[in-house]
Amino acid sequence: QVRLVESGGGLVQAGGSLRLSCVASGRIFSSYGWFRQAPGKEREFVTAIAWRIGSTRYADSVKGRFTISRDAARNTVYLQMNSLKPEEPAVYYCAARTWDGASSIPKDYDYWGQGTQVTVSS
């Protein structure tokens, strides 16, 4: 059974850091993405990685603050978030696809996790 399980969300002060994890089980995926969705808003692309081809992509709003990485041995993808802003609270979702390509488009992904809540206090 293919599963993606996120963890690491929580409450952090503005300017603080969090590291989210996404453990994949059931298969090896070629690419992963992180998206977020705030109440009443569309799901928004954050970052993606296509590890076989060494490609990463970031939303302009997170460049220089967020970093995506992958641990092959643990089949886990991480999202390191630094300098979090008060406008960034959301449910953060991990997504995976079997094709190579760090896509920013949600429909390009085949599997999704259940999400982890990130709350930023000002």
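Attention here is on the structure that accompanies the text. (Residues numbered from 1 in each chain as written. Predicted model: local features only at pLDDT ≥ 70, side-chain atom pairs only at ≥ 80, totals over all residues. Heavy atoms only, no water.)

1. Quick word on the sheet that holds strand β3 (residues 18-25)
Spatially, four strands are ordered β1-β3-β8-β7 in an open sheet, and the strand pairing comes out antiparallel. The open sheet terminates on both sides in strands that have one partner only, identified here as β1 (3-7) and β7 (66-71). Shown here is a sheet whose adjacent strand axes are inclined to one another by a mean of 15 degrees, direction ignored. Taken together, the five bridges between β1 and β3 define a ladder with antiparallel strand orientation. Each residue of the ladder has a partner; that of Arg3, found in β3, is Ser25. (Pairing = 2+ DSSP bridges. Helix = DSSP H or I, 4+ residues; strand = E, 2+ residues; numbered from the N terminus. Axes fitted to C-alpha atoms, helices over the stretch in contact; angles between N-to-C directions.)

2. Regarding unusual backbone geometry
Leave glycine aside and you will find that most residues have negative phi; peptide bonds, for their part, are mostly trans. Here the phi dihedral of Asn75 falls at roughly 50 degrees; this positive angle occurs in a residue that is not glycine. Relative to the elements of secondary structure, Asn75 occurs in the loop between β7 and β8 (76-81). Here Ser83, not a glycine, exhibits a phi torsion of approximately 50 degrees, which is positive. For Ser83, the position within the fold is in the loop between β8 and β9 (90-97).

3. Re the packing of aromatic side chains
Counted according to the given criterion, the structure contains six aromatic pairs. Ring geometry for Phe29 and Tyr32: centres 5.9 Å apart, planes at 80 degrees, overall edge-to-face. Summarising the burial analysis for this pair, Phe29 and Tyr32 share the class buried. Summarising the aromatic geometry, the rings of Tyr109 and Trp112 are spaced 6.3 Å apart at their centres and angled 70 degrees between planes, so their arrangement reads as edge-to-face. Using a relative accessible area of 28% as the deciding quantity, one classes Trp112 as partly exposed. Each member of the aromatic cluster is reached from another via a ring pair, and the members are Phe35, Phe45, Tyr109 and Trp112. Between Arg19 and the ring centre of Tyr78, over which it is positioned, the NZ or CZ distance is 4.2 Å. For the cation-ring pair, Arg43 lies above Tyr93, with the distance from its terminal atom to the ring centre recorded as 3.9 Å. (Phe/Tyr/Trp six-rings, centres within 6.5 Å; stacked < 30°, edge-to-face > 60°. Buried < 20%, exposed > 50% of the residue type's maximum accessible area, 1.4 Å probe, protein only. Lys NZ or Arg CZ within 6 Å of the ring centre and 35° of its normal.)

4. Comments concerning the state of the cysteines
Within this structure, the stated rule accounts for one disulfide. Two residues share a disulfide in this structure: Cys22 and Cys94, whose sulfurs sit 2.1 Å from each other. Taking the torsion about the sulfur-sulfur bond, which here is approximately -75 degrees, the covalent link between Cys22 and Cys94 counts as left-handed. Note that Cys22 is positioned in strand β3 and Cys94 in strand β9, a separation of 72 residues in sequence. For the residue pair Cys22 and Cys94, the accessibility class agrees, reading buried in each case. (Disulfide = S-S within 2.5 Å.)

5. Remarks on the pattern of salt bridges
Per the counting criterion, the structure on display carries six salt bridges. Salt-bridge contacts for Glu44 lead to Arg36; the nearest nitrogen and oxygen are separated by 2.8 Å. Overall, the relative accessible area of 7% leaves Arg36 in the buried class. Bridged by salt links that share partners, the residues Arg36, Glu44, Arg65 and Glu88 form one connected network. (Salt bridge = Lys/Arg side-chain N within 4 Å of Asp/Glu carboxyl O.)

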